[in-house]
Amino acid sequence: MTDRKQSAARWRRAGKWLLGAAFAALLPAGALAQQKTLYVGMNGGDMERAFTQYVFPDFERANDVKIVVVPGTSTDVLARAQAFKDKPRMHVMFLDDGIMARAISMGLCEPLNDDPVLKELYPTALMKGRMAAGIDVGMTGLGYNTRIFADRGWAPPASWMDLADPKHKGKVVFQSASGSTFGLHAFLMFNRIQGGDDRNLEPGFRQWPAFIGPNVREYIPNSDKLAEMIQSGEAAIFPLTPTAISRLKRRGIPVEYAHPREGAVILMVGECVVAGNSEPELSQKLALYLLSAQAQAKALEWAGNFPSNKNVQAPADNAEALKRFQGYMANAKIVDWDQINAARPAFNARWNQTIER
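Since this is a predicted model, take the numbers as computed values, not measurements.

So, how was this worked out
Residues numbered from 1 in each chain as written. Predicted model: local features only at pLDDT ≥ 70, side-chain atom pairs only at ≥ 80, totals over all residues. Heavy atoms only, no water. Helix = DSSP H or I, 4+ residues; strand = E, 2+ residues; numbered from the N terminus. Buried < 20%, exposed > 50% of the residue type's maximum accessible area, 1.4 Å probe, protein only. Contact = heavy atoms within 4.5 Å. Areas by Shrake-Rupley, 256 points an atom, 1.4 Å probe, with all protein chains shown as cover. Lys, Arg positive; Asp, Glu negative; His and termini not counted. Salt bridge = Lys/Arg side-chain N within 4 Å of Asp/Glu carboxyl O. Pairing = 2+ DSSP bridges. Phe/Tyr/Trp six-rings, centres within 6.5 Å; stacked < 30°, edge-to-face > 60°. Core = buried A, V, L, I, M, F, W, Y, C linked by side-chain atoms within 4.5 Å. Disulfide = S-S within 2.5 Å.

J.: How should the overall build of the chain be read in this particular structure?
T.: What the chain contains, in helices and strands, is 14 helices and 11 strands. Counting only C-alpha atoms, the chain reaches 100 × 45 × 40 Å along its principal axes. Classification of the 357 residues of the chain by burial places 51% in the buried group. In the chain, of all internal contacts separated by at least 6 residues, the share reaching a separation of at least 24 is 73%. About 17100 Å² of surface is accessible on the chain, with carbon and sulfur atoms providing 53% of the total.

Shown next as structure tokens:
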């Protein structure tokens, strides 16, 4: 190549570089950087929709990040975290408190950063120090189909033993106690009424076939089918939380919460940052944001979550529900998760073999 041709080629290359540099200078800051994605393991359905549409967007805009939900029950999310422990595919996960206790013991969570927002939480919302924190403080009581109860002139349920009322034969829908916290809570309360405790489950297993068992239309693995079964008239009474009831009511489903006189069982949905994930700083930032009054006010308004942050001010149309919830807390029961989790494999096997056989 002649010197003239080589010089011309150099100028063409230089011109292309300068043009590219000039174009890049006109772009907004960060436009050339690839947007990061955070994966959050959590319940699907109504909760996923509420968080995706109303809770996550503020954080996404402020941090130029995309949040993708990995939907599933707490058991599903825990299994995924365990399967990919060495190379996590999730950054933050939401788990029911009992399953969160297992996740912590398995080394799947890393401590939340110490932050002023943690002082805004109810003391019971922090788990094992700062290994996890509640984002939705709830309880398992009873849900009932208001259309069926009105049509038949029935009074709302008032006791866990209403699940055993013969008039509800074929109309009780029960989440599997081997896979659902709702079902497990209901069984544990039945067991206590029969004289047992969290260490002694014999009374519950022994009396189930004579009381609640004959009334059960179907044991379902989780609550995903419940809305359909309520609308079709298959489900009249079932274990459920005020939060879940609130979400169903927002969809126009004829359902209401009933607080058992024996007390409901505390059920807290907690969050933890997945240990060893690919974006530790951004994951911590998201977790702390979700504990803020700003985020939890939106979760209360759109998802029906009862806040763990004491500074949340309820919107006018949620104030009465929050007040009722605080009243339910007066006789709420706490279960011994360490004892339950230690005996869980044997419990699950027995439940599957003797109740859902």
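From this point, the discussion proceeds with the structure in view.
J.: Would you mind showing me how to read the side chain of Glu 60 here?
T.: Here Glu 60 shows up in helix H2 (residues 46-63). As a buried residue without a salt bridge, Glu 60 has its nearest oppositely charged side chain in Lys 66, at a separation of 4.2 Å. Those residues within four positions of Glu 60 in sequence are excluded, and the remaining contacts are Val 65, Lys 66 and Ile 67.

J.: I'm lost on the pairing of strand S7 (residues 172-175) in this one. Help?
T.: Side-chain positions along a regular strand alternate between the two faces of the sheet. Residue alternation in S7 divides its side chains into two sets, Val 172 and Phe 174 and Val 173 and Gln 175, and both sets are buried. Bridging between S7 and strand S8 (residues 216-220) involves four bridges; their strand directions are parallel. Along S8, the bridge assignment pairs Gln 175 with Ile 220.

J.: How do you make sense of the packing of aromatic side chains when you look at a structure like this?
T.: How two aromatic rings sit relative to each other is set out by the distance from centre to centre and by the angle between their planes. For the coordinates displayed, the defined rule picks out 20 aromatic pairs. Seen in terms of ring centroids, Phe 149 and Trp 154 are 5.2 Å apart; in terms of plane orientation they differ by 85°. Their pairing is edge-to-face. Considered together, Phe 149 and Trp 154 belong to a single accessibility category, that of buried residues. For the ring pair Phe 174 and Tyr 219, a centre distance of 6.3 Å and an interplane angle of 75° mean the geometry is edge-to-face. Placement of Phe 174 in strand S7 and of Tyr 219 in strand S8 is noted, with a sequence separation of 45 residues between them. Put simply, the rings of Phe 174, Phe 187, Phe 190, Phe 205, Trp 208, Phe 211, Tyr 219, Phe 347 and Trp 351 touch in pairs and so form one group of aromatic residues.

J.: I keep staring at the nonpolar core and nothing clicks. Help me out?
T.: Grouped burial of nonpolar side chains is what soluble globular proteins tend to show. Counting 77 residues, the largest nonpolar core has Phe 51, Met 93, Phe 94 and Leu 286 as its most contacted members. In terms of residues, this core owes the most to one element, strand S11 (residues 265-274), which gives seven residues. Those residues within four positions of Met 93 in sequence are excluded, and the remaining contacts are Gly 41, Val 77, Ala 81, Met 100, Ala 103, Leu 108, Cys 109, Gly 270, Glu 271, Cys 272 and Val 274. In terms of nonpolar packing, the next biggest core, distinct from the first, is built from 32 residues, Tyr 144, Trp 160, Leu 201 and Val 265 among them.

J.: Is there a simple way to think about the state of the cysteines in this case?
T.: Two cysteines form a disulfide when their sulfur atoms are joined by a covalent bond. This structure, assessed with the given rule, holds one disulfide. Here Cys 109 engages in a disulfide with Cys 272; their sulfurs sit 2.2 Å apart. On the sign convention where negative means left-handed, the S-S torsion of about -65° between Cys 109 and Cys 272 marks this disulfide as left-handed. Separated by 163 residues along the polypeptide, Cys 109 in strand S4 (residues 109-110) and Cys 272 in strand S11 bring together distant segments of the chain. Judged by relative accessible area, which is 6%, Cys 109 ranks as buried. You can call Cys 272 buried: its relative accessible area is 0%.

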